Amino acid sequence: MKPNPLESLAKAVEADYDSDILIYFGSINRPWDDYVIDACKERRKKKNVLLMLSSYGGDAHAAYRIARCLRQNYHKEQETAQADEGQVIIFVNSVCASAGTLITLAADRIILSDHAELGPLDVQLRKPDEVGERTSGLTPIQALKFLEGETTKFFRAQFNSLRFSRTLSFSTKMAADIAAELASGLLAKLY
């Protein structure tokens, strides 16, 4: 039987880094976190672990459980560590966003390829009126910032048209009062 080149490569990397190798490509969700946790506990043979990770993200809770498991099984605190105690090494070859980035925070060492991309941590919240759908935790904050900007633009436009119109000559106070009333009356329901 012909040797598998990927298997040969994996064995070479395993020997070079004195590491168990875990490969995780895909969404970080339950129950996949349990597979990683079980693999760490049942198959640990080396002092280090090398996690090859690529993910667009997923469940922050699952990511936290994976990160905690890697630290508990392979990392020793520096104050008590001896030279022969282990490290968590994470290799990122492509996109590693959100929950994937959270896992990389557990690493003692991060190896990034030229194509690697760590993405933002963007907690996904369940939509209360939808089954299985999520939305960004930043959405409400971004919506409020957008409304704030639009309110300011609307107020300025109304104030300028009232105060500096060639046909109308409202005082500054009156123009400001009317513009404020228009802005709050129009946009209050959106807020």
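Notes on the structure follow. (Residues numbered from 1 in each chain as written. Predicted model: local features only at pLDDT ≥ 70, side-chain atom pairs only at ≥ 80, totals over all residues. Heavy atoms only, no water.)

## Quick look at the overall build of the chain
The number of helices and strands found in the chain is 6 helices and 7 strands. Reading the chain from its N terminus to its C terminus gives the helix and strand order α-β-α-β-α-β-α-β-β-β-β-α-α. Counting only residues that meet the buried cut, the chain has 29% of its 191 residues in that class. Counting 24 positive and 25 negative side-chain charges, the chain places the centres of these two groups 4 Å from one another. (Helix = DSSP H or I, 4+ residues; strand = E, 2+ residues; numbered from the N terminus. Buried < 20%, exposed > 50% of the residue type's maximum accessible area, 1.4 Å probe, protein only. Lys, Arg positive; Asp, Glu negative; His and termini not counted. Charge placed at Lys NZ, Arg CZ, Asp CG, Glu CD.)

## A few points about the packing of aromatic side chains
This model, assessed by the stated rule, comprises 3 aromatic pairs. Each ring, one from phenylalanine 155 and one from phenylalanine 159, has its centre 6.2 Å from the other, and the planes form 15°; the classification is stacked. Remark: phenylalanine 159 and phenylalanine 155 occur in helix 5 (residues 139–163); sequence separation between them is 4 residues, near one turn of the helix. Here phenylalanine 159 falls in the buried class, since its relative accessible area comes to 16%. Within the aromatic cluster, the residues linked to one another by ring pairs are Phe155, Phe159 and Phe164. (Phe/Tyr/Trp six-rings, centres within 6.5 Å; stacked < 30°, edge-to-face > 60°.)

## Regarding a nonpolar patch on the surface
Among the surface-exposed residues, Ile110, Leu112 and Leu118 lie close enough to one another that they form a single nonpolar patch of about 250 Å² accessible area. Along the polypeptide, leucine 112 turns up in strand 4 (residues 109–112). (Patch = residues over 30% accessible without salt bridge, like charges linked within 9 Å, V, L, I, M, F, W, Y side chains within 5 Å. Areas by Shrake-Rupley, 256 points an atom, 1.4 Å probe, with all protein chains shown as cover. Salt bridge = Lys/Arg side-chain N within 4 Å of Asp/Glu carboxyl O.)

## A look at the layout of surface pockets
Space inside the largest pocket adds up to approximately 280 Å³. Looking at the largest pocket, the residues that line it are Glu14, Asp20, Ile21, Leu22, Ile23, Ala39, Arg43, Arg44, Lys45, Lys46 and Tyr74. At 4 residues, the largest contribution of residues to the lining of the largest pocket is made by strand 1 (residues 19–25). Its residues assigned to classes, the lining of the largest pocket shows 5 nonpolar, no polar and 6 charged. Here the second largest pocket is characterised by a volume of approximately 230 Å³. Considering the residues around the second largest pocket, the lining is formed by 11 residues, among which Leu9, Ala10, Val13, Ile21 and Met52 are closest to the centre. (1 Å grid on protein atoms, 1.4 Å probe; cavity = no way out; pocket = protein on both sides within 12 Å on 5 of 7 lines; lining within 4 Å. Points joined across faces, edges and corners; volume = space filled by probe spheres on them. Nonpolar A, V, L, I, M, F, W, Y, C, P; charged D, E, K, R; others polar.)

## Some words on the pattern of salt bridges
One pass over the full model with this rule turns up 6 salt bridges. Measuring nitrogen to oxygen at the nearest pair gives 3.6 Å for the salt bridge that ties aspartate 33 to arginine 30. The salt bridge involving arginine 65 is made with aspartate 34; its shortest N-O contact spans 3.1 Å. With arginine 65 in helix 3 (residues 60–74) and aspartate 34 in helix 2 (residues 32–42), the pair connects residues that are 31 residues apart, well separated along the chain. Using a relative accessible area of 22% as the deciding quantity, one classes arginine 65 as partly exposed. In this structure aspartate 34 comes out as partly exposed when scored by relative accessible area, which is 32%. Within the structure, one salt-bridge network assembled from shared partners comprises Arg30, Asp33, Asp34 and Arg65.

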